[in-house]
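Below, each chain spelled out in residue letters.
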Amino acid sequence: MDSGVLSVVVTLVLIGFGIYELYNGIKQLVIHHKNKQEYMENHAKRYEFFEEYKLWFAIYVLVAVASFAAACYQMFVKNDGMYAIGFWVLCACCISFALDCLVKRRAWFYEDGFFYEKKYYRYRSVINVSKTNKLRPGFNVSFSKDPSMIVTRKMALKIKEKMQEAKENKKKRK
């Protein structure tokens, strides 16, 4: 294969991947925001907001800004389009990851359940909260009807704490 054709193919694949990542990040945030707003409008209950996204959000934004600057430098000073495209894709991926932090590292805890990602989960539907294997860090939250999900350690501890509180409150009401 000619090196010019290979460069065009690699460039198109990189651009496509960057656009795909950015689109998925925005789409996921929009769906999350819509579902959260809809739930909160229909359920005016008291909740506790849990967040642990700020550090990772800041890291991803800083890398995105640095990638953007590096892409501009490569494109306009060094006149190297391939490196510039690589940095543009890294920038798009970091923006997507930052948006992902807004979805996956926040939760709203209520008396009988919690809103996470795109839906509301009841504590009584949680079967188990357990550590995942060593290759995949985090905790696995298994549900009776919904597919399981992977959450961070802090989120898993908060879910366990709130589940215990819900059990104690249920005993007090009886």
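Not measured: the values here are computed from a predicted model.

Quick notes on the sheet that holds strand E2 (residues 106–109)
The strand order across the open sheet built from four strands is E1-E2-E3-E4, with neighbouring strands paired in antiparallel fashion. Across the chains shown, the open sheet's two edge strands, defined by having one partner strand only, are strand E1 (48–51) and strand E4 (119–122). Recorded for the sheet is a direction-independent mean angle of 25° between the axes of neighbouring strands. As defined by bridge partners, strand E3 (residues 113–116) adjoins E4 across four bridges and the pair is classed as antiparallel. Bridged to Tyr116 within E4 is Lys119. Docked against the sheet, helix H3 (residues 81–104) engages E2 and E3, running at close to 15° with respect to E2.

Thoughts on unusual backbone geometry
Positive phi outside glycine occurs at Asn79, with the angle close to 55°. Assignment of secondary structure puts Asn79 in the loop between helix H2 (54–76) and H3. Residue Glu117 is not a glycine yet carries a positive backbone phi of 55°.

What to know about the sheet that holds strand E6 (residues 139–143)
An order of E5-E6-E7 is seen for the three strands of this open sheet, with the pairing classed as antiparallel. Every other strand in the sheet has two partners, leaving strand E5 (126–131) and strand E7 (149–151) as the edge strands with one partner each. For this sheet the average axis-to-axis angle between neighbouring strands, irrespective of direction, equals 25°. Note: E6 against E7, three bridges, orientation antiparallel. Note on E7: the bridge partner recorded for Val141 is Met149. Of the strands in this sheet, E5, E6 and E7 are in contact with helix H4 (residues 153–173), which crosses E5 at around 145°.

Things to note about the side chain of Lys162
With respect to the element layout, Lys162 can be found in helix H4. Here Lys162 falls in the buried class, since its relative accessible area comes to 11%. When residues no more than four places from it in sequence are discounted, the contact partners of Lys162 are Glu48, Phe109 and Tyr123.

Let's talk about the packing of aromatic side chains
For the structure shown, the criterion picks out 16 aromatic pairs. Measuring from ring centre to ring centre gives 5.6 Å for Tyr47 and Tyr110, while their planes differ by 50°; the resulting arrangement is tilted. Here the residue Tyr47 occupies a position in the loop between helix H1 (3–42) and E1, and Tyr110 occupies one in the loop between E2 and E3, the gap between them amounting to 63 residues. A relative accessible area of 41% means that Tyr47 is categorised as partly exposed. Residue class for Tyr110 comes out buried when judged on its relative accessible area of 4%.

Basis of the calculations
- Residues numbered from 1 in each chain as written.
- Predicted model: local features only at pLDDT ≥ 70, side-chain atom pairs only at ≥ 80, totals over all residues.
- Heavy atoms only, no water.
- Pairing = 2+ DSSP bridges.
- Helix = DSSP H or I, 4+ residues; strand = E, 2+ residues; numbered from the N terminus.
- Axes fitted to C-alpha atoms, helices over the stretch in contact; angles between N-to-C directions.
- Contact = heavy atoms within 4.5 Å.
- Buried < 20%, exposed > 50% of the residue type's maximum accessible area, 1.4 Å probe, protein only.
- Phe/Tyr/Trp six-rings, centres within 6.5 Å; stacked < 30°, edge-to-face > 60°.

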